[in-house]
Amino acid sequence: MGNGTSIGRVRGLGSGKHGTHHWWHQRLTAGSNLLLLLWFLFSIAMLPSYDGASLTKWLSSGWAALPMALLIATLFYHARLGLQVVIEDYQQDETRVVLLVVLNLLTALGAGLAIFSILRIAFTGTPA
């Protein structure tokens, strides 16, 4: 592995070790998002009305709350993966690490808040 040529520096370094893992996670979350969004659209379409009370009643069922929490988790994870690639590709200085930390914090906060709201409705029957 020579250090003098460009190909020598690329071998064994860079995205070759983690790029496939990231790529698979992006594809798997995209597929699960598609299935869960189709479930969500059909479930909402089957509701008798679209007021807050009927939506709260629907989401208080475990059969609706669990897939909804999975949908939120996969959507936020998929968004984090995509935005991570954008930050890694276009940000090259020291702010890159700061942006990645902020991205991780914001996606965890958003997903946590949404899942907490779903679980609160599911367990208590009252909106958060």
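Cut-offs and rules
- Per-chain numbering applies: the sequence of each chain, read as written, is numbered from 1 onward.
- Local features in a predicted model are, by the rule used here, given only for residues with pLDDT of at least 70; side-chain atom pairs are given and counted only at 80 or more, and totals for whole chains, interfaces and linings are based on all residues.
- Side-chain metrics in this entry use all non-hydrogen atoms of the structure; hydrogen atoms and water are not considered.
- Only runs of H or I of at least four residues qualify as helices and only runs of E of at least two qualify as strands under DSSP, and these elements are numbered from the N terminus.
- We call two residues contacting when some pair of their heavy atoms lies within 4.5 Å.
- For the accessible areas, the method is Shrake-Rupley and the probe is 1.4 Å, while residue cover comes only from the protein chains on display.
- Nine residue types can take part in a nonpolar core, namely buried Ala, Val, Leu, Ile, Met, Phe, Trp, Tyr and Cys, and a core is a set of them joined through side-chain atoms within 4.5 Å.
- Three labels apply to residues, based on accessible area from a 1.4 Å probe with only protein chains included: buried if under 20% of the type maximum, exposed if over 50%, partly exposed otherwise in between.
- By this rule the span expected of a helix is its residue count minus one, scaled by 1.5 Å.
- Pairing of N or O atoms within 3.5 Å defines a polar contact, subject to two protein rules: one partner must be a possible hydrogen donor and the other a possible acceptor, and residues neighboring in sequence count only if both atoms are side-chain atoms.

Caption draft 1: Geometry of the overall build of the protein. Scanning the protein from terminus to terminus reveals five helices and zero strands. Reading the helices (α) and strands (β) of the protein from amino to carboxyl end gives α-α-α-α-α. If you take every contact in the protein between residues at least 6 apart in sequence, the share linking residues at least 24 apart comes to 62%. Split by element, the accessible area of the protein, about 8900 Å² in all, is 72% carbon and sulfur.

Caption draft 2: Molecular detail of the nonpolar core. Among the nonpolar cores identified, the biggest contains eleven residues, and these are Leu36, Leu47, Trp58, Leu59, Ala64, Ala65, Met68, Leu71, Ile72, Ile118 and Ile121. Only α3 (52-59), α4 (62-90) and α5 (95-124) provide two or more residues apiece to this core. Of the residues forming this core, the biggest block, five residues, is contributed by α4. Leave out the neighbours within four places in its chain, and Trp58 touches Trp39, Phe40, Ser43, Ile44, Leu47, Ala64 and Met68.

Caption draft 3: Structural view of the side chain of Thr56. Turning to its location among the elements, Thr56 is positioned in helix α3. Look at Thr56 and you get buried, because its relative accessible area is 15%.

Caption draft 4: The arrangement of the environment of Thr107 in detail. Following the sequence through the fold, Thr107 ends up in helix α5. On the basis of relative accessibility, which here comes to 13%, the residue Thr107 falls in the buried class. As a C-alpha pair, Thr107 and Phe76 span 31 residues in sequence and 6.0 Å in three-dimensional space. Filtering out sequence-adjacent residues up to four positions away, Thr107 remains in contact with Phe76 and Arg80.

Caption draft 5: Spotlight on α4. Its 29 residues place the ends of α4 42 Å apart at the C-alpha level, agreeing with the 42 Å of an ideal helix rising 1.5 Å per residue. For α4, the secondary structure elements touched by its buried residues are α2 (19-45), α3 and α5. For α4, the N-terminal capping position is held by Ser61, with its side-chain oxygen 3.2 Å away from the main-chain nitrogen of Trp63.

Caption draft 6: Region of interest: the side chain of Asn33. Its place among the elements puts Asn33 in helix α2. A distance of 3.4 Å separates a polar atom in the side chain of Asn33 from the backbone nitrogen of Leu75. Here Asn33 is in contact with Leu71, Thr74, Leu75 and His78, once residues within four sequence places are set aside.

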